[in-house]
Each structure stands twice: as C-alpha cells, then as structure tokens.
Amino acid sequence: MSIVDRLKLWRCQHVGRDVRVLGRVWIHGDGEVHVGDGVVLDASAAPIELRTAKGGRLVIGDFARLEGGCSLEAEGRLELGPHVRVMAFAKIIDNHFHRVTGNRHERPPPGTVVLEEGVVVEPYAIVLPGAHIGKGARLLSRTVVTTRVPPGATVSGNPGKVMPPKPPAP
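Description of the structure in this document.

Moving on to the pairing of strand 3 (residues 32–35). As paired elements, strand 1 (residues 14–15) and strand 3 share two bridges and run parallel to each other. Bridge pairing links Val15 to Val35 in strand 3. Pairing analysis gives four bridges linking strand 3 to strand 5 (residues 57–60), with the strands arranged parallel. Among the inter-strand pairings, His34 is bridged to a residue of strand 5, identified as Val59.

See the structure below:
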C-alpha cells in the first residue's frame with residue numbers, strides 16, 4: 001500500500017495489507033471503518049463514500065471491491081464479507097434516517113446489514129436496513145432489497161424478488 005493510499009484512509013480504525021485506492025474516497029462521520037486485506041477501492045470514475053455515525057461500525061471484508069460512486073452508510077452495523085463486489089453507484093445503508101409517519105425528525109433505530117462472502121451488488125442497486133444477503137447472491141442492477149436473500153440467489157426488481165433458476169440448456 002502506497003503512502004498516498006494510507007493518507008486517503010487515515011480516518012479508518014483498521015486498514016489491512018495490500019489495500020489499493022484509486023481516485024477519491026470520502027470517509028466521514030464519528031464511527032469506525034475497518035478495511036480488510038487486499039481490498040480495492042476503485043473510485044477512478046467517481047468518488048466512493050463511506051459514512052459512519054457515532055457508535056456505527058462499517059466493516060469491509062478481505063478482497064472486497066468497491067467501485068466509483070457507491071455509498072455505504074452505517075448508523076449501527078454494516079458488514080461486507082470477503083470477496084464482496086459493490087459496483088458503481090450502488091447504495092447500502094442501515095438506517096432510513098427519518099420516519100415515514102409520526103415524528104419525521106426522530107431517527108428510527110438502525111437495522112444491521114450483512115452481505116456474506118462473494119455477494120455481487122450490481123450498479124444502482126440499493127440495500128436497505130435489515131437486509132441480510134446470503135453467500136454468493138447477486139443483486140441485479142437497480143434492485144432494491146430490504147429482507148433476507150438466500151445464498152446463491154439472483155434478485156431483481158423493486159422490491160427485490162428472487163428469480164427462479166434458469167433451466168439447463170437442451
């Protein structure tokens with residue numbers, strides 16, 4: 001990891017070995033950001049935003065890859081497992097930041113978000129509070145997910161629905 005990469009990640013509580021940073025990464029907030037070994041933050045096309053509130057914890061697992069324009073925001077806990085790929089302009093948040101009904105100035109409690117090993121989040125997909133994405137699942141472009149996704153599933157739509165497996169070719 002170069003000196004320039006270290007400087008870009010100075011606000012992180014932990015940065016693993018062989019981390020690469022391309023372009024601008026915005027790290028802000030009063031919470032903790034932990035970056036695993038071999039992570040690639042490729043913000044060459046657009047900045048990447050990593051935000052944590054006081055008491056929040058954002059964990060990026062080993063060999064994960066984040067692409068330009070993506071945004072990860074943790075009020076509580078947001079965890080990416082190893083080998084997760086978050087593509088351009090995807091958004092992952094663990095809080096809605098205001099209530100839909102009642103006192104709109106009161107923040108709802110955060111809902112832990114977990115993406116297990118090997119998950120792929122395609123461009124413009126959104127992962128909302130309380131979502132748990134199983135190992136090897138794939139969220140297609142522009143999908144919105146709020147719930148548990150089984151391992152190996154492919155999810156599409158708003159709200160996200162698990163797509164049936166493709167039949168084998170004849």
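Our next topic: the pattern of salt bridges. Under the defined criterion, the tally for this structure stands at nine salt bridges. Connected through salt bridges with shared partners, the residues Asp42, Arg65, Glu67 and Arg85 form a single ionic network.

For the rest of this paragraph, the subject is the side chain of Glu73. Structurally, Glu73 can be placed in strand 7 (residues 71–74). Using a relative accessible area of 9% as the deciding quantity, one classes Glu73 as buried. Within the structure, Glu73 has its side chain in polar contact with the side chain of Ser71 (distance 3.2 Å). Contact partners of Glu73, with chain neighbours within four places excluded, come to Glu49, Arg51, Leu78, Lys91, Ile92, Ile93, Asp94 and Phe97.

Reading the values: rules and limits
- Residues numbered from 1 in each chain as written.
- Predicted model: local features only at pLDDT ≥ 70, side-chain atom pairs only at ≥ 80, totals over all residues.
- Heavy atoms only, no water.
- Pairing = 2+ DSSP bridges.
- Helix = DSSP H or I, 4+ residues; strand = E, 2+ residues; numbered from the N terminus.
- Salt bridge = Lys/Arg side-chain N within 4 Å of Asp/Glu carboxyl O.
- Buried < 20%, exposed > 50% of the residue type's maximum accessible area, 1.4 Å probe, protein only.
- Polar contact = N/O pair within 3.5 Å; in protein donor to acceptor, adjacent residues only side chain to side chain.
- Contact = heavy atoms within 4.5 Å.

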